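Each chain, letter by letter, is given below.
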Amino acid sequence: MISVITGDIIRSKGVKPTIWLAQLKSALTFLQPDDRLWEIYRGDSFQIEFKDTQDSFLHAVYIKACIKMIKGLDVRMAIGMGAKTYRGTSVTESNGEAFQFSGETLENLKKEKLNLKIKTANPNLDRDLNLYIKLALISMDNWTTNSAEIVKMHIENPKSIQTDLAQRIGISQDAISKRVKRANLEEILELNTLCNIKITNL
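These remarks concern the structure in this document. Predicted, not measured: the structure shown is a model, and the values here were computed from it. Residue numbers here run from 1 along each chain, matching the order of that chain's written sequence. Owing to the predicted nature of the model, reporting of local features is limited to residues with pLDDT of at least 70; listing and counting of side-chain atom pairs is limited to 80 or more, with chain, interface and lining totals taken over all residues. Here the side-chain values reflect all heavy atoms present in the structure, with hydrogen atoms and water set aside.

**With respect to the pairing of strand E3 (residues 45–50)**
Moving on, step 1. Working definition: with a 1.4 Å probe on protein chains only, accessible area under 20% of the residue-type maximum means buried, over 50% means exposed, and in between means partly exposed. A helix here means a DSSP run of H or I that spans at least four residues, while a strand means a run of E at least two residues long, and both kinds are numbered starting from the N terminus. In terms of burial, E3 is a largely internal element, 6 of the 6 residues being buried.
Moving on, step 2. Burial along E3 is two-sided: Ser45, Gln47 and Glu49 facing one way and Phe46, Ile48 and Phe50 facing the other are all buried.
Moving on, step 3. Two strands pair when backbone bridges link them, and strand E1 (residues 2–10) and E3 are joined in this way by 6 bridges, in the antiparallel orientation. The residue bridging Gly7 from the neighbouring strand is Phe46, located in E3.
Moving on, step 4. For two strands to count as paired, DSSP must find a minimum of two bridges between them. Judged from the 4 bridges that link them, strand E2 (residues 38–41) and E3 form a sheet pairing that is antiparallel. Note on E3: the bridge partner recorded for Glu39 is Gln47.

Right, dumping it as structure tokens:
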């Protein structure tokens, strides 16, 4: 059982690629150091493969945070989970349920006016997880660049306390605390834990 995230940058045509491309590459490299398992294609689309399903939601949250640090941009993503039946020379040539679920779901997201969705072989699980995600998106889709930055930093430094993050950014610990609350970071991390528990039973 693997997970695959397929996505594209929203409103990328309004921003020079040099501004967001490096950020996207950095995000994908952080999540998956093996660059054979991710690819950017068709200009602003990408696909990344993970060898298991744990923290799939958090991986998508991290990519979103990285992109939303750039004012005016957002990202649309579909997470597919399932078997891998064929390994191609690149991630976009590989195949299996996870790839098919991810690709098919992304195609429908624009019509559904959603920016993140999960698809597995279990429709009941999909229904529950996607309701939780839809509620989380009420906050995530409205992150400011500051909110996105604090989410990105926390995921990169999960053991750092708020005073450490404050020193890194150069603001007060109280300001960090307010940004964490505005980003609903604690609730998003709780949702990731719940997703991991439910997905384990697939």
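The structure having been displayed, the exposition proceeds.
**Things to note about helix H5 (residues 145–156)**
For an α-helix the count is 3.6 residues per turn, leaving residues at separations of three or four pointing the same way.
Moving on, step 1. With 12 residues, H5 extends 16 Å from end C-alpha to end C-alpha; this agrees with the ideal 16 Å at 1.5 Å per step.
Moving on, step 2. Along H5, the residues that are buried comprise Ser147, Ala148, Ile150, Val151, Lys152, Met153, His154 and Ile155.
Moving on, step 3. The contact criterion used is simple: two residues touch if any of their non-hydrogen atoms lie within 4.5 Å. Summarising the contacts, the buried residues of H5 are in contact with helix H1 (17–31), helix H2 (56–68), helix H6 (162–169), helix H7 (173–182) and helix H8 (185–200). Helix span, as expected, comes to 1.5 Å for every residue beyond the first.

**A closer look at the nonpolar core**
The nonpolar side chains of a soluble globular protein tend to be buried, and buried together.
Moving on, step 1. In plain words, nonpolar cores are sets of buried Ala, Val, Leu, Ile, Met, Phe, Trp, Tyr and Cys residues tied together by side-chain atoms within 4.5 Å. One finds Ile5, Phe46, Phe57, Trp143 and Val151 to be the most contacted residues of the largest nonpolar core, which totals 55 residues.
Moving on, step 2. For this core, the element with the most residues is H2, which contributes 9 residues.
Moving on, step 3. Residues within four places of Ile5 in sequence aside, it is in contact with Phe46, Gln47, Ile48, Phe50, Ser56, His59, Ala60, Ile63, Met77, Ala78, Ile79 and Ser102.
Moving on, step 4. The next biggest cluster of nonpolar side chains, apart from the first, holds 5 residues, and it includes Val4, Val91, Ala98 and Phe99.

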